[in-house]
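For reference, the chains in residue letters:
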Amino acid sequence: MSNSLSFKVALVASTALSSIGFTASVYAQDVALDAAADVEEVVITANRRAQPITNVGKSISVIGEAALEASQYTFVLDALQSVPGVAINQNGSFGGTAFVSIRGASTDQTVVLVDGVQVNDPSVTGGAFDFANLDPNGIERIEVLRGPQAVFYGSDAMGGVINIITKSGTEGLSGNAFAEYGSYNSFRAGGAVSGGTERIGYSLSASYRDTDGISAADSADGNSERDGYENLTLRGKVSAKFSEAARLELMANYSDSESEYDGFAFVSGAYALGDTDDLSKSEEVSLAARGFFDLWDGVIKNTVSLEYSEIERTSFTGGVESYGAKGERVNFDYLGALALSDDLLFTTGLQHEAVKAETQSNEAISTDSIFASLSYEGVKGLSLTGGVRYDDHETFGGTTNAEVSMSYLFEETGTQIIANWGEGFKAPTIFQLTYSCCGFDPNPNLQPERANAWEMGVRQTVLDDKLTLGATYFDQRTEDLIIFTFTGGYQNVSRARAKGIELTVDANLTDSLSVNANYTHTSAKDRDTDTVLVRRPKDQAYAAINWAPTDKLSGLISLTYNGRELDSSGAYAPSWARVDVRAAYKLNESVELYGRVDNLFDESYQQVLGYGTPGLSVFGGVRTRF
């Protein structure tokens, strides 16, 4: 955390001055964005193909590039908190360990993809993904798919799927750069460039941040030592079109982070969370190569992928290495889509996945999979999809999972009804399969965790599509949950149930004023003891007002509410509400000043008991486009 204040301020200023020289207009981009608002949303995660959202019988939310920029998110984690059904927990802030839960499922029961590459960490106990270091620069959109999704995504997709899609290059040349400075001596800068020809496309982005941070252990408990954070993120995507029927795509994402944190130590005769000299370093890599080959004028579309992800983590206490872990995942994937007719599509896929955690074992554990899906859209407004998948896991053997979904759109009234049922499973992790302690050996008979769920929802547009209302009920039952005991190690013994309702409102009140809001009520309980599950808030809400009074000035104010939730200590973390404000002003067609106030009313709250969160914080910056 070595950058000086003078250097940071100078770099922000130099970015602003150099940006004045850019003369390329972004008017065309603004027009394209306005036009896109009238085009129906297309999603790709629900059934691993591009579909209008009105043809999808599943609950899916999209955070687009415009929303990411308008809300001035500096971490993907913050953007996810605006999605219905998604709960986050972070140990402090600025690099503190951060996990996501969907619809009351465990944090390790969500598949996380970056450009289609699964990045869940095989080296951690449950195989979850830590969102602490995920920067939004270079990201085009985030799709959040809720509910079990085993047919298309295999193990871990019991709560849902989060698919992070980076930008692709198009013809011409465009780019942007930004720099900002604010509270806690925080500096962040980055940029992106993309372009190409009719045959070649490329997109490159980079971002860097450095902050002195806050005390990870809450300062309200007497902790005063700041825990800093530093991160470098690089992204790249290159595509080549050989013909109308063949193209190739290469993708790479890299993150290098260093985070100071607080741990537990003996203080005044008690073992408690407090200021400690702890440091965590991590490197995260994801790579993919995909070939797309069409046959018979596109009647058969084939995709062949080779994907790799790696996470390496090292912890230091008092400057001495105290822990290290490295997880790797390799996936070979084939996806084929056969158009049986104009109304009937058959999709099939083959996968071979190998995961490895060097800390626990030198041997990789593999899974071979086959799946198939059939979609029918032969009746106006109706979309039906059903699928089945078989996975052959190296240790526990085979498992079969299925799903069926339906969407019906009444065009005359603007009413969409969705319904679906699906199954999910989670294979035992390498840690769970190999860990021994306290006189017992690893359990060779561990079986996968299993889930099945159903949901029904309705989406209604009124007032010439200016107002959209949505309501969805979901009910998920989980069994064979893997728990740890000091008498028997890891065992399949627990059951859970999560049910609830998600409500959404999107309103375009005028050409310059819009409102979006959502509320989620979740009841997540242990079915054996009828007790509330840890860190699953019963009530959550998010609301934002977007206002653009002039062509140059825009602003946003948002409210985030998180109900009280049970902590792993047995105590309850109180409910909290936070108000954030954003504003941006265009100096000209190429240069924009922006600023934000986080936690406007200086709310004191904890997402995880004992860990602090930032109070009133102010940031400002400049952004250029060309």
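Reading the values: rules and limits
- Residues numbered from 1 in each chain as written.
- Predicted model: local features only at pLDDT ≥ 70, side-chain atom pairs only at ≥ 80, totals over all residues.
- Heavy atoms only, no water.
- Helix = DSSP H or I, 4+ residues; strand = E, 2+ residues; numbered from the N terminus.
- Buried < 20%, exposed > 50% of the residue type's maximum accessible area, 1.4 Å probe, protein only.
- Polar contact = N/O pair within 3.5 Å; in protein donor to acceptor, adjacent residues only side chain to side chain.
- Contact = heavy atoms within 4.5 Å.
- Pairing = 2+ DSSP bridges.
- Salt bridge = Lys/Arg side-chain N within 4 Å of Asp/Glu carboxyl O.
- Phe/Tyr/Trp six-rings, centres within 6.5 Å; stacked < 30°, edge-to-face > 60°.
- Lys NZ or Arg CZ within 6 Å of the ring centre and 35° of its normal.
- 1 Å grid on protein atoms, 1.4 Å probe; cavity = no way out; pocket = protein on both sides within 12 Å on 5 of 7 lines; lining within 4 Å.
- Points joined across faces, edges and corners; volume = space filled by probe spheres on them.
- Nonpolar A, V, L, I, M, F, W, Y, C, P; charged D, E, K, R; others polar.

(A) Looking closely at unusual backbone geometry. Even without being glycine, Arg48 reaches a positive phi, approximately 55°. Along the chain, Arg48 falls in the loop between β1 (42-43) and β2 (51-52). One non-glycine residue, Asn185, adopts positive backbone phi at about 55°.

(B) Structural context of the side chain of Thr613. Mapped onto the elements of the fold, Thr613 is located in the loop between β32 (591-598) and β33 (617-625). A relative accessible area of 16% means that Thr613 is categorised as buried. Here Tyr605 takes part through its backbone oxygen, which lies 2.7 Å from a polar atom of the side chain of Thr613. Once residues within four sequence positions are removed from consideration, Thr613 is found in contact with Ile214, Tyr605 and Gln607.

(C) Inspection of the sheet that holds strand β9 (residues 160-166) at higher detail. Spatial strand order, β3-β8-β9-β6-β7: 5 strands in an open sheet with mixed pairing. Looking at the sheet topology across the chains shown, the edges are occupied by β3 (59-64) and β7 (117-118).

(D) Inspection of the pattern of salt bridges at higher detail. A complete count under the given rule lists 33 salt bridges for this structure. Between Arg141 and Glu143 there is a salt bridge, with the nearest N and O atoms lying 2.9 Å from each other. Here the salt bridges share partners, and the residues they tie into one network are Glu69, Glu592, Arg623 and Arg625.

(E) Representation of the packing of aromatic side chains within the structure. All chains considered together, the criterion is met by 14 aromatic pairs. Taking the centre distance of 5.1 Å and the plane angle of 55° together, the rings of Phe484 and Tyr490 count as tilted. On the basis of relative accessible area, Tyr490 is assigned to the buried category, the value being 11%. Clustering of aromatic rings is evident, with ring pairs tying together Phe431, Tyr435, Phe440, Phe484, Phe486 and Tyr490. When the ring centre of Phe75 is taken as reference, the NZ or CZ atom of Arg209 above it lies at 3.9 Å. Here the guanidinium or amino end of Arg623 rests over the ring plane of Tyr594, the centre of that ring lying 4.4 Å away.

(F) Layout of the pairing of strand β8 (residues 139-146). Here β8 lies mainly inside the structure; 7 of its 8 residues are buried. Relative to β8, β3 runs antiparallel, the two sharing 6 bridges. Looking at the pairing, Gly64 lines up with Arg141 of β8. As paired elements, β8 and β9 share 7 bridges and run antiparallel to each other. Counterpart to Ile142 in the pairing with β9 is Ile164.

(G) Here's a closer look at empty space enclosed by the protein. Per the stated rule, a full pass over the model turns up 8 cavities of 30 Å³ or more. In this structure, the largest cavity occupies an estimated 650 Å³ of space. Surrounding the largest cavity, 39 residues form its lining, Thr74, Phe75, Asp78, Ser93 and Asp598 being those nearest its centre. Among the elements of the structure, α4 (76-80), β4 (86-90), β11 (186-196), β12 (200-211), β28 (553-562), β31 (576-586), β32 and β33 are those that each provide at least two residues to the lining of the largest cavity. Of the residues in the lining of the largest cavity, the class split is 13 nonpolar, 17 polar and 9 charged. One number sums up the size of the second largest cavity: a volume of about 170 Å³. The wall of the second largest cavity is formed by 17 residues, among which Leu134, Asn253, Ser255, Glu284 and Ser286 lie closest to the centre. At the level of secondary structure, the elements contributing two or more residues to the lining of the second largest cavity comprise β13 (229-243), β14 (246-267), β15 (270-295) and β16 (300-317).

So far we have only geometry, and geometry alone does not tell us how the molecule works.
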